[in-house]
Amino acid sequence: QVQLVESGGGLVQAGGSLRLSCAASGRIFSVNDMKWYRQVPGKQRELVAGIMRGGSTNYARSVKGRFTISRDNAKNTMYLQMNSLKPEDTAVYYCNAVIVDGVSYRTGDYWGQGTQVTVSS
């Protein structure tokens, strides 16, 4: 019953900040790569940032220098600190993680339900 749950979305003015969280729960053997995606209705899903098991990170050019991805392995939780937000950051943000199930030991690609981020001008 492994699942991912995002939280922290909301409505902010341009230039403001939000911190998103993604918590993995259930019987978990290990969490490998974790990523944040975002999607606008009618548009293709976009990779925003990723953080690997060893801690290396990568960012989309559009958010580099403004967003910071991090993880707390003890809590099986990933974060996305979003600063200097722009209207074009408005989207549903989705958590994605590669997780080995602690019961079946199957490796799966898991997605959260999404959290809405709206940036007003």
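This report concerns the structure included in the present document. (Residues numbered from 1 in each chain as written. Predicted model: local features only at pLDDT ≥ 70, side-chain atom pairs only at ≥ 80, totals over all residues. Heavy atoms only, no water.)

It is worth spelling out the environment of Val31 at this point. Tracing the backbone through its elements, the reader meets Val31 in strand 4 (residues 28-39). Along the chain, Val31 and Ser121 lie 90 residues apart, while their C-alpha atoms are 37 Å from each other. Discounting residues that sit within four places of it in the chain, Val31 has contacts with Arg53, Arg71, Asn76, Ala97, Val98 and Ile99. (Helix = DSSP H or I, 4+ residues; strand = E, 2+ residues; numbered from the N terminus. Contact = heavy atoms within 4.5 Å.)

Two side chains carrying opposite charge are able to pair once their charged atoms lie near each other. Scanning the model with the defined rule gives four salt bridges in all. Residue Arg38 pairs with Asp89 through a salt bridge whose shortest N-O separation is 3.0 Å. With Arg38 in strand 4 and Asp89 in the loop between strand 8 (77-82) and strand 9 (91-101), the pair connects residues that are 51 residues apart, well separated along the chain. Each member of the pair, Arg38 together with Asp89, is buried. The partner of Lys75 in a salt bridge is Asp72, with the nearest N and O atoms 3.4 Å apart. (Salt bridge = Lys/Arg side-chain N within 4 Å of Asp/Glu carboxyl O. Buried < 20%, exposed > 50% of the residue type's maximum accessible area, 1.4 Å probe, protein only.)

Tracing the backbone shows Leu80 in strand 8. Taking the C-alpha atoms as reference points, Leu80 and Arg66, 14 residues apart in sequence, are found 10 Å from one another. In this structure, Leu80 is in contact with Leu18, Arg19, Leu20, Trp36, Val48, Ala49, Phe67, Thr68, Ile69 and Tyr93, ignoring residues within four places of it in sequence.

All chains considered together, the criterion is met by two aromatic pairs. For the pair Phe29 and Tyr105, a centre-to-centre distance of 5.2 Å together with 70° between the ring planes defines the contact as edge-to-face. With a gap of 76 residues between them, Phe29 in strand 4 and Tyr105 in the loop between strand 9 and strand 10 (107-111) connect regions that are remote in the sequence. Judged by relative accessible area, which is 55%, Phe29 ranks as exposed. Centre to centre, the rings of Tyr37 and Trp111 are 5.0 Å apart; their planes meet at 50°, and the pair counts as tilted. Here Trp111 lies in strand 10 and Tyr37 lies in strand 4, a separation of 74 residues in the sequence. Judged by relative accessible area, which is 12%, Tyr37 ranks as buried. The exposure class assigned to Trp111 is partly exposed, which follows from its relative accessible area of 34%. (Phe/Tyr/Trp six-rings, centres within 6.5 Å; stacked < 30°, edge-to-face > 60°.)

Let us look at the side chain of Thr115. Mapped onto the fold, Thr115 is located in strand 11 (residues 115-120). Accessibility expressed as a relative area gives 11% for Thr115, which makes it buried. When residues no more than four places from it in sequence are discounted, the contact partners of Thr115 are Glu6, Ser7, Gly8, Gly9, Leu20, Ala91, Val92 and Tyr93.

Locating Asn96 in the fold gives a position in strand 9. At 2.8 Å, the side chain of Asn96 and the side chain of Asp109 are in polar contact. When residues no more than four places from it in sequence are discounted, the contact partners of Asn96 are Leu4, Asp33, Met34, Lys35, Tyr37, Met78, Asp109, Tyr110 and Trp111. (Polar contact = N/O pair within 3.5 Å; in protein donor to acceptor, adjacent residues only side chain to side chain.)

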